[in-house]
Every structure is written in C-alpha cells, then in structure tokens.
Amino acid sequence: MLLSRLARVSQEVAATSARTRKIELLAELFREAEPDDVPIVIPYLAGRLPQGRLGVGWKVLGRPVAPAAAPTLTVREVDALLTELGKVSGPGSQAERARLVGALLGASTEDEQRFLFGLLTGEVRQGALDAVAVEGLARATGAPPAEVRRAVMLAGSLQTVAGALLADGPGALERFRLTVGRPVLPMLAHSASSVAEAVEKLGACAVEEKLDGIRVQVHRDSDTVRVHTRTLDDITDRLPEVTAAARGLEGERFILDGEVISFDDEGRPRSFQETAGRVGSRVDVATAAREVPVSPVFFDVLSVDGRDLLDLPLTERHAELARLVPEPMRVRRTLVSGPGDVGAAEAFLTETLERGHEGVVVKGLDAAYSAGRRGASWLKVKPVHTLDLVVLAAEWGHGRRTGKLSNLHLGARTADGGFAMLGKTFKGLTDAMLTWQTGRLRELAVDESGHVVTVRPELVVEIAYDGLQRSTRYPAGVTLRFARVVRYREDKRPEEADTVETLLAAHPGVRP
Ligand SMILES: Nc1ncnc2c1ncn2[C@@H]1O[C@H](COP(=O)(O)OP(=O)(O)OP(=O)(O)O)[C@@H](O)[C@H]1O
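Residues numbered from 1 in each chain as written. Predicted model: local features only at pLDDT ≥ 70, side-chain atom pairs only at ≥ 80, totals over all residues. Heavy atoms only, no water.

The next thing to look at is the overall build of the chain. Along the backbone of the chain there are 18 helices and 19 strands. Computed over C-alpha atoms, the radius of gyration of the chain comes to 24 Å, within 12% of the 24 Å expected from 2.2 N^0.38 for 512 residues, which places it in the range of a compact globule. C-alpha extents for the chain along the principal axes are approximately 70 × 60 × 50 Å. By the burial criterion, 54% of the 512 residues in the chain qualify as buried. Summing over all exposed atoms, the chain offers an accessible surface of approximately 22800 Å²; the carbon and sulfur share of this is 52%. (Helix = DSSP H or I, 4+ residues; strand = E, 2+ residues; numbered from the N terminus. Rg over C-alpha atoms; globule rule 2.2 N^0.38 Å. Buried < 20%, exposed > 50% of the residue type's maximum accessible area, 1.4 Å probe, protein only. Areas by Shrake-Rupley, 256 points an atom, 1.4 Å probe, with all protein chains shown as cover.)

What follows is the structure, given as structure tokens:
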C-alpha cells in the first residue's frame, strides 16, 4: 500500500466526526491492504510507531527537504527505513540518521511529509482509532464485529487479528480462543470517589482489598507454569514463588488473575517500590527472593480444566476460584447486597486501609470478565488520589542534578487527542529515577531549546498532588499544587493517561 493512500485516509478520518463514515473509510482501506501492510497501517493510523522509539531529534526532522512530485513510497518501505533508523548507533550516528531521514522525506510528497512529521513527533494520536478500526475490519471482511472484538481482546493485539482476518477471512477468528499458555490482556477498573458511590452504581457487589503490587496472570498446564505481567511480558523466571504456588494447587490446567506482593514479617504489605524492585530484578533471583519474598494473591479465574469462564458472572468465577485456591492465597472480600448495606462496605475499606493496603475494588456480582477493558463493573476506591500524566518535556538540572534531565513538564489529555501542560515538578525523584529518566527522555527527545528538552509524549508518570488551582500560565487554565512524582507507569500508554476533563470533574470548586 502506498503511504500517500494511508496519509489521505488518515486525514479524512480525522476530518470527519461521523463514526459510520470513519468506519467506511477504514473498511475501504483494509480491503485494499495486503495482510503484511496491516501491522504497519493500524499503528500509523493511531499515530503510534511500531518501533516504539527512534531517537530522531526535531532538529533532524526540522530541516526542510524538497518534496517529491509524485507518490511512490509504500508503507512497508517507510517501515523498513524507520527500523533501520532505530538501529543506528555509535560514532557518526547523527549524520547517518540525518541521511536516512533526508532520504525518506525527499521521497515523500508534501502530504506524506506532513503525515510523517505528525507520526514521528507523536503529535497525531488518535486514541479512539483502534475501536473504529475493529469495526472497519469487520465490515471489510464480513466478520461479526462482536466476534472480532472478542478475538482482539483475547489476542491482545488488533494487528495480529487484522492480519489473520485479511489473509484467511472470518474463519481465522477460531484461532483466537482463550487457551492456557497464551496470555490475554487483564480486565481493568474505573475509579469511584467513594465506596458509597461505587455501591450505588453497582448494586449487589463484592468489595475486595486492593493490593498495591504487580498484576500477574498465571497459566498452568500440568507441570508448565508461566507468569505474565499486565503488559503480557513473561516474568516466570523472576518469580519462583509464584510457580511453586501454582504447582501446589489441586488443578492441572487453569488461568488465574491476581497480584504479586511482598509482605513483611508482620504480614503487612511492603511498599510498591520494594515489590516492583524485586519483580524487576532479573539477576540473582535466588538472593532477591530471600531478601524480598513475594506471594501471589488471586482474585479471579479465567479458565479451569479447558472451560472458558470469561462470560460467567463474577459470583460463579468466585466459586471456581474458591474451589481451586485456598484462602490465604485469595484476596479478602466482603459481599454487599446494595446501597442499604453500604456500612459494611465502608467498614471493610477502613479495615483494609488499617492493614496497610491502598484501597478496595468494588465489583458487580453479575459481570463477565472483560479482558483488556476498563470495565464499568470494577470500580476502585482509593483515599489518596493520584494522576497519571504524560511527560511533555524536561529541563536540565542544576547543582547536584547537573547532567540529568530533572524538572518534568506534565500534561493531561485533552478532548482533541493532544495534551495540555498542567505544571512542572522534580519532587519525589530518586537518584535512580533521575538516571533512568534522563536516558529514556533523551531517546524520546524531539527538540532542545535552552535548557528544555521537548519529548515525544510517551512516558506516563504517576503524580500525587495537594489540589488544583486556577492559573493563567497554563493552557487548561489550571495547575497542580505541590505535584510530586510517585512512580513511572511504563505499563500504561499515553492514551490511558488522565484527561483535563476528569481532573476538572474531580475538583468542581475550581473553574479555569
Ligand atoms: N482485588 C483486586 N481486583 C482487581 N485489581 C486489583 C485488586 N487488587 C489489586 N489490584 C490491582 O489494581 C489494578 C486496578 O486498577 P486499574 O486497572 O485502574 O489499574 P491502574 O490504573 O494501574 O490502577 P492504579 O494506578 O490504581 O494501580 C489492577 O490492575 C491490579 O493490578
């Protein structure tokens, strides 16, 4: 497929607000695409780079290059060139990158250049596009949209399903059934501001402790156990305790969902940083496991003995979980019959906080497991509110922080798919975080002016703050009071960051 075709459709999709028209445009595009184009076309449409990071500075991109008169570039050629670009390193790499970018831009028409600028700087991000693409794909191939959605949810990748569908037609969906050994994206939660609000919304519900550890999905098929993170990375080798626990259970074939966390000698949870540090360390796992032992605590089960439980209501999945997993390895919960019984839910939250946990997750009893979704039937309630924001730029530090990118410019998502800066902070950053972020942010740099390095808006960071206040300095008309970094959220994509709208809704007293 020609890049010019993709660039035109991308522009048309962005220009129309009618969802049906977007779907039709994408269906047409998919009908023309070769299966091999799909892993490139889908991320490009959403403004994502399949390579993740390229290290191309704005200075390289900013140099004008005379455009080609007629379009000849294919999306696969562009992809191959960007892959090559991502690999350039060592002495002379700057010149080599400039040469490759020059060649790419010189072969592009004006429209294609505009598209590539948007893509490489991360300015065009169409978060909602993947959902529209699923519909377009269903239309293009004659597969039922609901089945395509379920396949995408189970494959954890729209590209993979799209490639299979375009190559083999609707029959290919069979391949994406829930299978032990093949991880699926976990179900996620929305937020509620109080237990009362959550119970009001959900009616009869289970209130579960919310453990601040690392989400794990554990697959066991007789002696084989695999442990995956929320982003589907395989971390089996780092967590021998989890493998041992799974092998110790009665069942032979199952998929469990839960949290891995480290408890101290008194049985209180250690800090998230300690658990995360343990899970993150790949070397000398045995020593790490002695110093910071972790335990799995399960709260859901997706499959048992070849039975797919995803569509069962929570109550039935709980019953299966209770049969399979003994009590200390299951999350604590209490059942609440509805708003009349909210006192029990509040008492459970208080007790959970006293035991050192961060809050509760309130879950509707009838709800199925929606893998990969932020389901409306799981509501988390945490007394300490934090925001997930995106790093837009960073400033070179002074004094002790010389040579390190320090002060972060923080952005929330806006309705048009962009980001609005809410303020800056360098508080809460440990030396290790400073070193890490300096390396990572340099890879994402697109421009440097004075002491400010502008980056592709990719990195999500969790921020604690004391309040919101009006400000004429910032584009959304508000800024954060006493913002400080809690942790980086590499498991989150910028599309999952908080929006200006939800922030304002959480502070009704502050009007920009
Ligand atoms: N009982 C539980 N049920 C579901 N999730 C739980 C539970 N206990 C802890 N968790 C964790 O809480 C997360 C749910 O919150 P959410 O899906 O919104 O992710 P998040 O945005 O990372 O949340 P947070 O930043 O609050 O951890 C899950 O991914 C899981 O890791």
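Let us look at the UniProt feature "active site" (unreviewed entry) in the chain. The sites that carry the UniProt feature "active site" (unreviewed entry) are, in the present numbering, Lys 210. Along the chain, Lys 210 turns up in strand 2 (residues 205-210). When residues no more than four places from it in sequence are discounted, the contact partners of Lys 210 are His 357, Glu 358, Gly 359, Val 360, Val 361, Lys 380 and Lys 382. Here Glu 358 takes part through its side chain, which lies 2.7 Å from a polar atom of the side chain of Lys 210. (UniProt positions renumbered as here; feature names shortened; annotations may be inferred. Contact = heavy atoms within 4.5 Å. Polar contact = N/O pair within 3.5 Å; in protein donor to acceptor, adjacent residues only side chain to side chain.)

It is worth spelling out the site of the ligand at this point. Not every one of the 19 residues close to the ligand is listed here, only the nearest: Glu 259, Lys 380, Lys 382, Arg 489 and Lys 492. Within the backbone of Ala 189, an N or O atom sits 3.1 Å from an oxygen atom of the ligand. Between the ligand and Lys 492 there is a distance of 2.4 Å, counted from an oxygen atom to a side-chain nitrogen or oxygen. Calculation on the ligand without its partners gives an accessible area of 600 Å², and the protein chains cover 96% of this total. Contributing elements (two or more residues each) for the shell around the ligand: strand 1 (188-191), strand 2, strand 9 (359-364) and strand 10 (374-381). (Near = heavy atom within 4 Å.)

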